[in-house]
Amino acid sequence: MLDLNKIRNNPEEVARGLARKGVSAEAVNRILASDSAWRKATAETDRLKALRNDLSRKIGERKKAGEETEAAQAEVREIGEKIKQLGQEAAESEQLLHGLMLEIPNIPSDSVPDGPDESFNRVEKTWGEPPRLGFEPKAHDEIGVALGILDFERAAKISGARFVVYTGMGAALERALISFMLDLHTREHGYTEVLPPYLVKAHALEGTGNLPKFEADLFKVDGGAFYLIPTAEVPVTNLHRDELLEEDSLPMSYCAFTPCFRSEAGSYGKDTKGMIRQHQFHKVELVKYSKPENSYDELEKLVSDAESVLEALGLHYRRVTLCAGDMSFSSAKTYDLEVWLPSQKRFREISSCSNFEDFQARRANIRYRPSGGGKPRFVHTLNGSGLAVGRTVVAILENCQQADGSVAIPGPLRPYMHGQSHIAKR
RNA sequence: GGAGAGAUGGCCGAGCGGCCGAAGGCGCCGGUCUUGAAAACCGGUUUCCCGCAAGGGAACGGGGGUUCGAAUCCCUCUCUCUCCGCCA
């Protein structure tokens, strides 16, 4: 949620920022209109309430003195009716205003390049090189099926499209990656591991910005009482919802492994083959709560924490800054990490690291008290994948494939796989 | 699934129709004292809205009702806890 005062005081500036995300200035005008309607109705009800308070107090005094109060009571009753009417108007415009505010995306940071789509994203760095395989690389699904570690047909039999069954060393590789990533982030990068619920209430999703606008992307459970999380960002960012934190406790850094569930509505025909786009996948997520003045430094640290996973695994990747039009609803700045896939001969997203500034903190009401005392301020929230586990398996299968059809296991993972160096057909 | 209890300020907790934005404690901030700190003592310490200000209004989980007047009474929703049953 944006700061309403900022919209009131600098509507043109806000409109300019929103335009970069492709939102028309009309949205700002609608907010200003419902805001002034609300303020007008509120001011008038306040005036009437002051009057009622005053009269009621006098009635009480006169009753105590044994005086007649019928006429005065009738008068106040009438004022009460007016308050009820006007109060309803005020509540309606406030609800309208709130609804509009929830549908306005965050404003891109100044450091974000302009542009409507991914072709305007800016490549910041490239690490490593494509593997020199010396043969025509196979796609991960072909490799996995041939090795007997991925089974798409049986997954479809059970659950339909966009699911996979991992078997044997495939399942072990996924599990090894999860442990490796969690250990790296908790031991080397200072994150605290949390294991949150995978089912959340609507208000948690509203806090992160997934609701009300993107309900179609989610799986609803129990008639809508719960939603399956699309990412650990949701439960972990809401961990401190409605809390007033101490400044000394910031920054707070959490990492969480969870399954993620996405309906992928509207992605028909995209990445239908293989494991790139699934209804269910695993992710190790990094989440930070930061003081506003440090949040961009924290973003740099967070993205390099994510990069260190790719580097440890020896996977060729690049970092891009998403342009304004390609960023998500809630984000002020996003770096994507893209890993090289030899079979596609291109980079594919494997991590997305964002600073939401105070956008989510306003929605989830997460504040901190400055240590010298003073007014509470909203924290800044950040998160990033560290990494998407399924796509990491994809990258390893493709980048580490051998001429004989086996796959070399990256060194750091071997301790997590009983010292085994290869996955071969057995 | 059944039965009951509860939701008050940063935290704990009192209040149970007008004198309550709310006792008391803790925490925090400032001061006195001290070489410094602690302790003790004194003072301060919710948020939002309208207003240049003075000032006014709102908020005791959400919504509705009763009443001249609701933190306090009634209804309802949400959430939490306890006990019983079932269960990993």
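Residues numbered from 1 in each chain as written. Chains lettered and ligands numbered in written order. Predicted model: local features only at pLDDT ≥ 70, side-chain atom pairs only at ≥ 80, totals over all residues. Heavy atoms only, no water.

**Thoughts on the protein's contact with RNA strand B**
Definition in use: For this description, a residue counts as near a given molecule or strand if any of its non-hydrogen atoms is within 4 Å of it. Polar contact is the term for a pair of N or O atoms within 3.5 Å; when the atoms are in protein, one must be able to donate a hydrogen and the other to accept it, and sequence-neighboring residues count only if both atoms are side-chain atoms. A run of DSSP states H or I qualifies as a helix once it reaches four residues; a run of E qualifies as a strand once it reaches two. Both are numbered from the N-terminal end. Residue type decides the class: Asp, Glu, Lys and Arg count as charged, Ala, Val, Leu, Ile, Met, Phe, Trp, Tyr, Cys and Pro as nonpolar, and the leftover types, Gly among them, as polar.
In the vicinity of RNA strand B, 21 residues are found, and the nearest of them are Arg 39, Asp 46, Ser 56, Val 76 and Lys 201. Here the atoms of RNA strand B within 4 Å of the protein split so that 76% fall in sugar or phosphate, with bases taking the remainder. Between a phosphate oxygen of RNA strand B and a side-chain N or O atom of Arg 39, the distance comes to 2.4 Å. The element that contributes the greatest number of residues to the surface near RNA strand B is helix 3 (residues 26-64), accounting for 11 residues. Broken down by class, the residue content of the surface near RNA strand B amounts to 6 nonpolar, 5 polar and 10 charged.

**Describing the sheet that holds strand 6 (residues 220-221)**
Condition: Strand pairing is defined by DSSP finding a minimum of two bridges between the two strands.
What the 3 strands build is an open sheet, ordered 5-7-6; its pairing is antiparallel. Edge positions in the sheet fall to strand 5 (199-200) and strand 6, since each has one partner strand and no second. Bridging between strand 6 and strand 7 (residues 226-228) involves 2 bridges; their strand directions are antiparallel. Paired with Val 221 across the strands is Phe 226, a residue of strand 7.

**Observations regarding the packing of helix 7 (residues 169-188) against helix 12 (residues 389-399)**
The condition is simple: Fitting a line to C-alpha atoms yields each axis, with helices limited to the stretch in contact; the angle taken between N-to-C directions then spans 0 to 180 degrees. For classification, angles of less than 35 degrees are called roughly parallel, those exceeding 145 degrees roughly antiparallel, those between 65 and 115 degrees roughly perpendicular, and all remaining angles oblique. Handedness of a crossing follows from how the near helix is turned relative to the far one, being left-handed for an anticlockwise turn of less than a right angle and right-handed for a clockwise one. What makes two residues a contact is simply this: any of their non-hydrogen atoms within 4.5 Å.
One can describe the packing of helix 7 onto helix 12 by two numbers: an axis separation of 10 Å at closest approach and a directional angle of 115°. The orientation of helix 7 with respect to helix 12, classified from their angle, is roughly perpendicular. Like other packed secondary-structure pairs, helix 7 and helix 12 cross with a definite hand, here right-handed. Contacts between helix 7 and helix 12 involve Leu 173, Glu 174, Leu 177, Ile 178 and Met 181 from the first element and Val 389, Gly 390, Thr 392, Val 393 and Ile 396 from the second. The residue makeup of the contact of helix 7 with helix 12, split by class, is 7 nonpolar, 2 polar and 1 charged.

**Comments concerning the side chain of Thr 231**
Residue position: Thr 231 is located in the loop between strand 7 and helix 9 (233-237). Here Lys 283 takes part through its side chain, which lies 2.8 Å from a polar atom of the side chain of Thr 231. In this view, Thr 231 contacts Thr 258, Cys 260, Arg 262, Lys 283 and Glu 285; residues no more than four positions away in its chain are not counted.

**A short note on the domain arrangement of chain A**
Rule in force here: Marked domain ranges trace back to an automatic or database domain assignment. The quantity reported as buried area is the accessible area (1.4 Å probe) lost by two parts once they are put together, taken as the sum for both. Basic side-chain nitrogens of Lys or Arg form a salt bridge, by our definition, when they fall within 4 Å of a carboxyl oxygen of Asp or Glu.
Each assigned domain of chain A is listed here: domain 1 (4-103) and domain 2 (118-423). Each of domain 1 and domain 2 has a C-alpha centre, and these two points are 43 Å apart. Each side of the interface is counted separately: domain 1 has 6 residues, and domain 2 has 11 residues. Taken as a group, Lys 21, Leu 102 and Glu 103 account for 82% of the area that domain 1 buries against domain 2, more than any other trio of residues on that side. One can count 0 salt bridges joining domain 1 with domain 2. Linking domain 1 with domain 2 are 4 residue pairs in polar contact (both at pLDDT 80 or more), by the criterion used here. Sort the elements by how many residues they give to the side of domain 1 that touches domain 2 and helix 4 (residues 70-102) lands first, with 3 residues.

**Let's talk about the pattern of salt bridges**
Pairs can form between side chains of opposite charge once their charged atoms are near each other. Worth spelling out the cut-off: Here the term buried applies to any residue with accessible area under 20% of the maximum for its type, exposed to any over 50%, and partly exposed to those in between, with areas from a 1.4 Å probe on protein chains only.
This model, assessed by the stated rule, comprises 29 salt bridges. As a salt-bridge pair, Asp 141 and Lys 273 come within 2.9 Å of each other at their nearest N and O atoms. Of this pair, Asp 141 sits in helix 5 (residues 140-147) while Lys 273 is found in the loop between strand 9 (252-261) and strand 10 (280-290), placing the two residues 132 residues apart along the sequence. The exposure class assigned to Asp 141 is buried, which follows from its relative accessible area of 9%. The partner of Glu 247 in a salt bridge is Lys 291, and the shortest N-O contact between them spans 2.9 Å. Of this pair, Glu 247 sits in the loop between strand 8 (243-246) and strand 9 while Lys 291 sits in the loop between strand 10 and helix 10 (295-313), and the two are 44 residues apart along the sequence. Each of the salt bridges in this network shares a partner with another, and the network as a whole consists of Lys 125, Glu 300, Glu 307 and Arg 319.

**Some details on unusual backbone geometry**
A cis amide bond links Leu 211 with the next residue in sequence, Pro 212, at an omega value of 5°. Mapping Pro 212 onto the fold places it in the loop between helix 8 (202-208) and strand 6. Look at the link from Leu 250 to Pro 251: it is a cis peptide, with omega at -5°. Relative to the helices and strands, Pro 251 resides in the loop between strand 8 and strand 9.

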